[in-house]
Amino acid sequence: LIKTKFGIVKTIDGENQLVTKEEAETRFKCDMAINVLKEARARLMQNVEGDLQRVLGALDKATEEDEQRVKEYEARRTASLASVQKNLEEQEDCWGKIQQLEHQLQQLGTQRFEEIKRRMEDSDAESKRRTEHQQFMEALSDHKKR
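Residues numbered from 1 in each chain as written. Predicted model: local features only at pLDDT ≥ 70, side-chain atom pairs only at ≥ 80, totals over all residues. Heavy atoms only, no water.

Chemist: Teacher, can you tell me more about the pattern of salt bridges here?
Modeler: Any two side chains of opposite charge can pair, given that their charged atoms come close. The final tally for this structure, using the stated rule, is 7 salt bridges. The salt bridge partner of Arg54 is Asp51, with a shortest N-O separation of 2.1 Å. Separated by 3 residues within a single helix, Arg54 and Asp51 lie in helix α1 (residues 2-145), roughly one turn from each other. A relative accessible area of 38% means that Asp51 is categorised as partly exposed. One salt bridge connects Arg118 with Glu115, and the closest N-O pair in it is separated by 2.3 Å. Linking Arg118 with Glu115, this pair stays in helix α1, spanning 3 residues, or about one helical turn. Its relative accessible area of 43% is what places Arg118 among the partly exposed residues. (Salt bridge = Lys/Arg side-chain N within 4 Å of Asp/Glu carboxyl O. Helix = DSSP H or I, 4+ residues; strand = E, 2+ residues; numbered from the N terminus. Buried < 20%, exposed > 50% of the residue type's maximum accessible area, 1.4 Å probe, protein only.)

Written as structure tokens, this is what we have:
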């Protein structure tokens, strides 16, 4: 009975050694696969960290460019507002000059009218004087002849 039991134990022990050997091989393969996965994960993490740094750099650059463009826009806007204000002031100045010129033109028109009126009156007076003088001379001539 003991021999039989030893035989069974020996057989079971041999089977256990086979299982243990297979188990060891499987563990070794699993450990290798886990190491491969860990290395792949480490490479991916490095890639992700590199990508994250590039994204953060691009974000910083985009933010700086945006701030610069906002400053440039504000400078152009301020210059434009100043230009529009200056233009408005120049227009007001021109309208003032136009009003002065209209007033001066009106005064010159009135002066011209008055001068022409005076000249016409002077011409009428001269014509009347000549007519009266000629009539006087004709009357004298008739009187002289008689």
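Chemist: Help me out: how do you make sense of a negative patch on the surface in this one?
Modeler: Where like charges cluster on the molecular surface, the negative patch consists of Asp60, Glu64, Glu65, Asp66 and Glu67. Positionally, Asp66 belongs in helix α1. (Patch = residues over 30% accessible without salt bridge, like charges linked within 9 Å, V, L, I, M, F, W, Y side chains within 5 Å. Areas by Shrake-Rupley, 256 points an atom, 1.4 Å probe, with all protein chains shown as cover. Lys, Arg positive; Asp, Glu negative; His and termini not counted. Charge placed at Lys NZ, Arg CZ, Asp CG, Glu CD.)

Chemist: Could you clarify how one ought to interpret a nonpolar patch on the surface in this entry?
Modeler: On the surface, Leu52, Leu56 and Leu59 cluster together into a nonpolar patch covering about 270 Å² of accessible area. Structurally, Leu59 can be placed in helix α1.

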